[in-house]
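# Analysis of the macromolecular model
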Amino acid sequence: MNIFSEVKEHLTARKAAEYYGLKVRSNGTACCPFHDDKHPSMKIDKNYHCFACGVGGDAVDYVSRMFGLSQYDAALKLIEDFVLPVDEKRSAELNAQEKERIRREKTERERITHIRERFDKWCNQTVDILKSCFSEIDSVNHFLIGKPPDIIFSENYAQMLHAEPVINYWLDILCMGDVSEKRDFFLKDRKKVEEIAGKVCTGRKRIMGCSRGSA
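Here we summarise the structure given alongside this text. (Residues numbered from 1 in each chain as written. Predicted model: local features only at pLDDT ≥ 70, side-chain atom pairs only at ≥ 80, totals over all residues. Heavy atoms only, no water.)

This paragraph deals with the packing of aromatic side chains. Scanning all chains against the criterion turns up 13 aromatic pairs. Here the aromatic rings of Tyr20 and Phe67 are separated by 5.1 Å at their centres, their planes lie at 75 degrees, and the arrangement is edge-to-face. Of the two residues, Tyr20 sits in the loop between α2 (13-19) and β1 (29-30) while Phe67 sits in helix α3 (residues 59-67), which places them 47 residues apart along the sequence. Ring geometry for Phe34 and Tyr62: centres 5.5 Å apart, planes at 65 degrees, overall edge-to-face. Highlighted residues: Phe34 in the loop between β1 and β2 (42-44) and Tyr62 in helix α3, separated in sequence by 28 residues. Look at Phe34 and you get partly exposed, because its relative accessible area is 23%. Site record: aromatic cluster; members linked through ring pairs are Phe119, Trp122, Trp170, Phe185 and Phe186. Between the NZ or CZ atom of Arg65 and the centre of the ring of Phe34, over which it lies, the distance is 5.8 Å. (Phe/Tyr/Trp six-rings, centres within 6.5 Å; stacked < 30°, edge-to-face > 60°. Helix = DSSP H or I, 4+ residues; strand = E, 2+ residues; numbered from the N terminus. Buried < 20%, exposed > 50% of the residue type's maximum accessible area, 1.4 Å probe, protein only. Lys NZ or Arg CZ within 6 Å of the ring centre and 35° of its normal.)

Okay, structure coming up:
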């Protein structure tokens with residue numbers, strides 16, 4: 001029996017969760033601490049499972065997820081906090097398969113964290129780009145007041161006006177959409193953002209440059 005099995009022999013997920021502050025109702029349900037849960041969506045006893053966000057596992061998994069620990073460090077924390085009669089020196093007895101599983105879990109968590117950080121950075125940068133596009137369109141709108149029709153009714157200005165509702169729609173997604181909407185936007189339209197931003201910038205330069213040149 002390895003260190004994980006021994007810990008789980010002594011502790012249920014519910015006992016561990018309650019020790020670390022989770023309020024469990026008499027029917028074994030609780031508000032999931034791993035997402036913004038307004039109504040109890042987690043069932044917890046020997047193991048736990050959230051029917052809203054899908055997470056689940058045993059006592060070791062719960063502590064691992066709650067404190068951001070590896071499975072092995074979570075087991076050690078439970079041994080220490082509950083003063084379990086488990087020999088911590090069993091770390092030396094972990095077989096190669098268990099060590100590899102722990103390594104893979106750490107690598108996967110780091111990979112997911114890296115992806116999230118890059119995605120969040122892209123979202124923030126794209127919001128700035130789109131806001132800048134709005135500012136450029138607004139500056140052209142003001143600039144064209146009183147200008148001759150051949151400048152106002154130009155292809156460049158038409159493209160900018162056509163881009164405006166698209167930009168507004170994208171900003172709604174980035175500022176108010178959920179994660180799935182932002183992800184779909186990234187996968188389908190991220191190249192279009194660069195394309196439209198380029199057209200808006202070029203259009204502004206051409207319109208304002210042509211107008212000044214003809215003045």
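This part takes up the nonpolar core. The biggest cluster of nonpolar side chains holds 26 residues, and the ones touching the most others in it are Ile167 and Val200. Of all elements in the fold, only α5 (96-143), α7 (155-176) and α8 (179-214) reach the threshold of two or more residues within this core. For this core, the element with the highest residue contribution is α5, accounting for nine residues. Excluding anything up to four places from it in sequence, Val200 contacts Cys133, Glu136, Ile137, Met160, Ala163 and Ile167. Grouped together as the second largest cluster of nonpolar side chains are 18 residues, Ala16, Val60, Val63 and Leu78 included. (Core = buried A, V, L, I, M, F, W, Y, C linked by side-chain atoms within 4.5 Å. Contact = heavy atoms within 4.5 Å.)

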